[in-house]
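# Geometric and topological summary
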Amino acid sequence: MSQSPPKSAPKAVYVKSYGCQMNVYDSQRMADVMGAEGYREVATPEEADLILLNTCHIRERAAEKVYSELGRMRVLKEEAKAAGRDVLVGVAGCVAQAEGEEIVRRARVVDLVVGPQSYHRLPDLVARAAQKPGVVDTEFPAEDKFTKLPTATAASTRSRGLTAFVTVQEGCDKFCTFCVVPYTRGAEVSRPVAQVLAEVEKLAAAGVREITLLGQNVNAYHGVGPEGKEWTLARLLYRLAEVPGIARLRYTTSHPRELGEDLIAAHRDLAALMPYLHLPVQSGSDAVLKRMNRKHGRDEYFRLVDRIREAQPDIALTSDFIVGFPGETDADFADTLDLVRRVGFASAYTFAYSARPGTPGAEMDGHLPEPLKTSRLHELQALVAGQQRDFQESLVGRTVDVLFEKPGRKPGQVVGRSPHLLPVQVIGPSSLVGSIVPVRITATKTNSLDGVLVGDDHMMSVHAAE
């Protein structure tokens, strides 16, 4: 009696994500696309038959970091080949969009290049690359990629945790002179309300408790609602708050010019919307903001912050800053430090300006020497770090609701997030995971908080079913 040949093991895909939360979301969707083709997602490139590097092009030397990583992938691919196994390597995301054919020319290890608007085409691209390496797709296709993507399985959603990102808006029409996003992600496009709602409902059904809505300019959201009219981001948030199981909502990243009064009011009135807002200002100097083409000034930003804090006094405000933009004077930099002192931030991302090829900023006169940019960056970072410590210390003694997400590193420890997005560690049972529980903050660490559970065991689980 002859035996049937053994079944081959399912192929494996490894996706490494660089940069922003939108890339994390895109990486998950690429894994979902290949999962529908029978690929299982793995945690290391050594296990994979398909390796995808989902890249970011915002910072200087981003492309060089990718080429360095591709050198490691070349060694791994050669080792797999020697063992009788074929491995495909792909570059996705914004470096792929910006570099295109150049990636294949410089790194022969690369079998396919796919831009951020085309990852719904991955199965076809992979099949083509397996036959003839060097496939490149960096077009802006006419079809909506989101309608072509498969739904994540409940198992894969659960494996990713209790919080999830959902992209609702892509691209940007602002054309800040330092930024490559309009060139790599295209014009602003918003997903229809029904499409977003269906995705969130499926995430909730799989156990997700917190959703962060994503967009390059997320508060410019104008997706079409079921009645055929455009919805604002605020209206979308109110609707998503009605989804059973969704306890918390967040959104990022915002532009000051798009923060309307209805969204400010939502921070006051919508309990599910967490008191956290990332609102990039980039500089405190009107002269620099004008050269950056930011379309807002420092006084406008101050007034906006005042309205936000009037609506939600407990809000944790964070921002982005670029120092050393072409032409920035000592007085311009002093204005940035003044803005930081006057506003007071819970934290901020700070960068020394790096020219991105193809952007207007790269062609401007007045580029500053690197030592001066570095000196200014360190001074700004010291100021921001002090404000971050002050904010975290202001929470000591307060009781905050924490969504517990996973066991901690220490035995008997569980870890969650506060409404202000800070990690919180407590000693408690693992059964708390998935629950929202009141915690009294007892101490601060560099980027997290320590706390103790409030009440007895019965009170601990009071929010679990909310």
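The present account deals with the structure reproduced in this document. Predicted model only: the values in this text are computed from it and were never measured.

### Considerations on the pattern of salt bridges
Within this structure, the stated rule accounts for 32 salt bridges. Between Glu-210 and Arg-248 there is a salt bridge, with the nearest N and O atoms lying 3.9 Å from each other. With Glu-210 in strand S9 (residues 210–215) and Arg-248 in strand S10 (residues 248–252), this residue pair connects regions lying 38 residues apart in the sequence. Comparing Glu-210 with Arg-248 shows no difference in burial state: the two are buried. We note a salt bridge from Arg-250 to Glu-210, for which the minimum N-O separation is 3.0 Å. A residue pair is termed long-range when its members are at least 10 positions apart, and Arg-250 in strand S10 and Glu-210 in strand S9 qualify at 40 residues. By the burial criterion, Arg-250 is buried, and Glu-210 matches it. In the salt-bridge network here, residues are joined through shared partners; they are Arg-29, Asp-32, Glu-41, Arg-160, Arg-191 and Glu-199.

### Comments concerning the side chain of Arg-209
As for its placement among the helices and strands, Arg-209 is situated in the loop between helix H9 (193–205) and S9. Engagement of the side chain of Arg-209 in a polar contact is seen with the backbone oxygen of Gly-245, the distance being 3.0 Å.

### Quick word on the sheet that holds strand S17 (residues 436–444)
Reading around the circumference, S14-S15-S16-S18-S17 is the order of the five strands in this closed barrel, with mixed pairing throughout. Between one strand axis and the next, the sheet turns through 50 degrees on average, direction left out of account. Bridge count for strand S16 (residues 423–427) against strand S18 (residues 449–453) is two bridges, and the pairing is parallel. The partner of Val-424 across the bridge, within S18, is Leu-449.

About the thresholds
- Residues numbered from 1 in each chain as written.
- Predicted model: local features only at pLDDT ≥ 70, side-chain atom pairs only at ≥ 80, totals over all residues.
- Heavy atoms only, no water.
- Salt bridge = Lys/Arg side-chain N within 4 Å of Asp/Glu carboxyl O.
- Helix = DSSP H or I, 4+ residues; strand = E, 2+ residues; numbered from the N terminus.
- Buried < 20%, exposed > 50% of the residue type's maximum accessible area, 1.4 Å probe, protein only.
- Polar contact = N/O pair within 3.5 Å; in protein donor to acceptor, adjacent residues only side chain to side chain.
- Pairing = 2+ DSSP bridges.
- Axes fitted to C-alpha atoms, helices over the stretch in contact; angles between N-to-C directions.

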